[in-house]
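For reference, the chains in residue letters:
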Amino acid sequence: APDNLRMRKWVSQMENKKRFSISLTTQILIATAGGIVFGALVGEWASNLKFIGDIFIRLIQMSVVLIVMSTVASAVGGGDGQDVGKMGFHTFKWIIIFTVISAGLGVALSMLLQPGIGVEIASAADVANSSVETGSIQDTILGFVPTNIINSMAEGSMVPCIVFSLFFGVAMGAYAKESGNRNVIEWVQGINGVITNIIKIVMNVAPIGIFCLLANVAGTTGFKVIIPMLKFLLVLLIGDAIQFLLFGPFTAAVTKVNLFKMPKKFAKMSMMAVTTTSGAICLPTKMEDEVTKFGISRKVADFTGPITMSMNSCGAAQCYVAAIFFMAQSTGIQMTPYQMGMAILLSCLMCLGTISVPGGSVIVYTFLATSLGLPLESIAVLIGIDWFAGMFRTLMNVDVDVMIGLLVASKLGELDRDVYDEKKTVTY
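Along each chain, residues carry numbers from 1 onward, in the same order as the chain's sequence is written. Two thresholds apply to this predicted model, a pLDDT of at least 70 for residue-level local features and 80 or more for giving and counting side-chain atom pairs, whereas whole-chain, interface and lining totals are computed over all residues. Side-chain numbers come from the whole structure's heavy atoms, not from hydrogens or water.

A. The packing of aromatic side chains, seen in detail. When two rings of Phe, Tyr or Trp (its six-membered ring) have centres within 6.5 Å they constitute a pair, described as stacked for plane angles under 30 degrees, edge-to-face for angles over 60, and tilted for the intermediate range. Scanning the entire structure with this criterion turns up ten aromatic pairs. Look at F294 and Y420: their rings are 6.2 Å apart centre to centre, the planes differ by 55°, and that puts the pair in the tilted class. Of this pair, F294 sits in the loop between α12 (279–292) and α13 (298–311) while Y420 sits in helix α19 (residues 417–420), and the two are 126 residues apart along the sequence. In this structure, F294 and Y420 share a single accessibility class: buried. In textbook terms, an aromatic cluster arises when at least three aromatic residues are bridged by ring pairs, as seen for W94, F98, F247 and F250. A ring has a charge above it when a Lys NZ or an Arg CZ is no more than 6 Å from the ring centre and no more than 35 degrees off the ring normal. Seen from the ring of Y420, K265 lies directly overhead, with NZ or CZ sitting 4.7 Å from the centre. We count a stretch as a helix when DSSP gives it H or I for four or more residues in a row; a strand needs E for two or more, and each element gets its number in order from the N terminus. Only protein chains enter the calculation, and the probe is 1.4 Å; a residue is then buried if its accessible area is under 20% of its type maximum, exposed if over 50%, and partly exposed in between.

B. Representation of the side chain of D399 within the structure. Among the structural elements, D399 can be located in helix α18 (residues 386–411). Here D399 occupies a buried position and makes no salt bridge, while the nearest side chain of opposite charge, K286, is found at 9.2 Å. Those residues within four positions of D399 in sequence are excluded, and the remaining contacts are F244, F266, M269 and S270. In this charge count, Lys and Arg are treated as positive and Asp and Glu as negative; neither His nor the chain ends contribute. By convention in these notes, a salt bridge is any Lys or Arg side-chain nitrogen within 4 Å of a carboxyl oxygen on Asp or Glu. Contacts are residue-level and defined by heavy atoms, with any inter-residue pair within 4.5 Å sufficient.

C. The pattern of salt bridges, seen in detail. All told, the structure shown has seven salt bridges when counted by the stated rule. Between K50 and D54 there is a salt bridge, and its shortest N-O distance comes to 3.0 Å. Taken together, the positions of K50 and D54, both in helix α3 (residues 50–77) and four residues apart, correspond to about one turn of that helix. Note on D54: relative accessible area 24%, which makes it partly exposed. Here E422 ties to K265 by a salt bridge, and the two come within 3.7 Å at their closest N and O atoms. Highlighted residues: E422 in the segment after α19 and K265 in helix α11 (residues 262–276), separated in sequence by 157 residues.

D. View of the packing of helix α14 (residues 314–329) against α18. The N-to-C vectors of α14 and α18 enclose an angle of 140°; their axes lie 6 Å apart at closest approach. Contact with α14, carried on its side by C314, G315, A316 and C319, involves A389, R393, M396, N397 and V400 of α18 and no other residues of that element. By the convention adopted, Pro, Cys, Tyr, Trp, Phe, Met, Ile, Leu, Val and Ala count as nonpolar, Lys, Arg, Asp and Glu as charged, and the other residues, Gly among them, as polar. Classifying every residue of the contact of α14 with α18 gives six nonpolar, two polar and one charged. Here an angle of 0 to 180 degrees is reported between the N-to-C directions of two axes, which are lines fitted to C-alpha atoms, with helices fitted over the stretch in contact.

E. Expanded view of the environment of C212. Tracing the chain through its elements places C212 in helix α9 (residues 206–221). Exposure remark for C212: the relative accessible area of 5% places this residue in the buried category. C-alpha separation for the pair C212 and I36, spaced 176 residues apart in sequence, amounts to 9.3 Å. Apart from residues no more than four positions distant in its own chain, C212 is found in contact with L49, I52 and G53.

Now the structure itself:
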């Protein structure tokens, strides 16, 4: 009886602890607001807290190379070989087209609205030594191919690391298929899992790091730091609206369906995307609606659904490009045509495989800043509003997934327009 009483008491304590626990997202939002207010009130003294934020950034940096390489290699080599043939070709064709357009739109809107103007993260001179040197196009392409992958990893040269990971993933998948031995794939996935756990541990101190970094920024600029944050979100909002106005009519015209019926059909999954900010959580609803509302065949929905969830990231590509411009503008760096091209290329590459860990976007922002020689301090502002940015990213990702499914199904004769027009009902 005493043991049962102690057990009930322990269970009750755990339930109370869960009831009053605050999610990491909420903690980050509180830290963001608190850091801005604290820094604006105490002024330049807040710069004494910057080193704590720098420790947090370094903890993230130490895992970037391995998490990116293992994620890309796993995405390329860990498949089961079914994503081939016509369905695979048309799926990846539209993924690439839509992603590049989204990234290009991010460049245009960032140049127009200039979200980073108004907050001084660092001066251009402070990061001049770490800026990426530009050379000829031949030198640029040559630099993509590593001569020593260990050296590239040590220097944090991310593009060569990704190129190696792509080759490693292809070769790993071929080896597993030929030999039937998946030990290497499981080893890479295991490394990815371990690094993922490191990121999860580090993210537990994210609110402290963000508070200290934003306190330092707000101590210099005051409450003016809020304006660039809102402008960054405005870039994503306008970008999403333009993409819907471009991709929606295009998809309807190509697939010969009624454009004006789309909003109602997208409503449920769009609401889930905005509230959960997770494409993985939206996947079952998305695939069911593809079949029952849009008339896409089960075969196409089952094929394109998981692939587009992992590899189609239109909203993310736009967000990552805007983040690059935010980091550059907050430092007073003028982006060269070379850097703009690299911004599009790197943002599209980062959409190859989703880094599905809490704070995964932190990894991407750190990768982009490191690759282009931009100040890491500006990441704190981006992390502070990342939950809101995630709403716009996921909304675009999920809805364009369905448009790709429509285009593929129409091309292969797997689209039932009677279902789309609600003349016929089917179940998933």
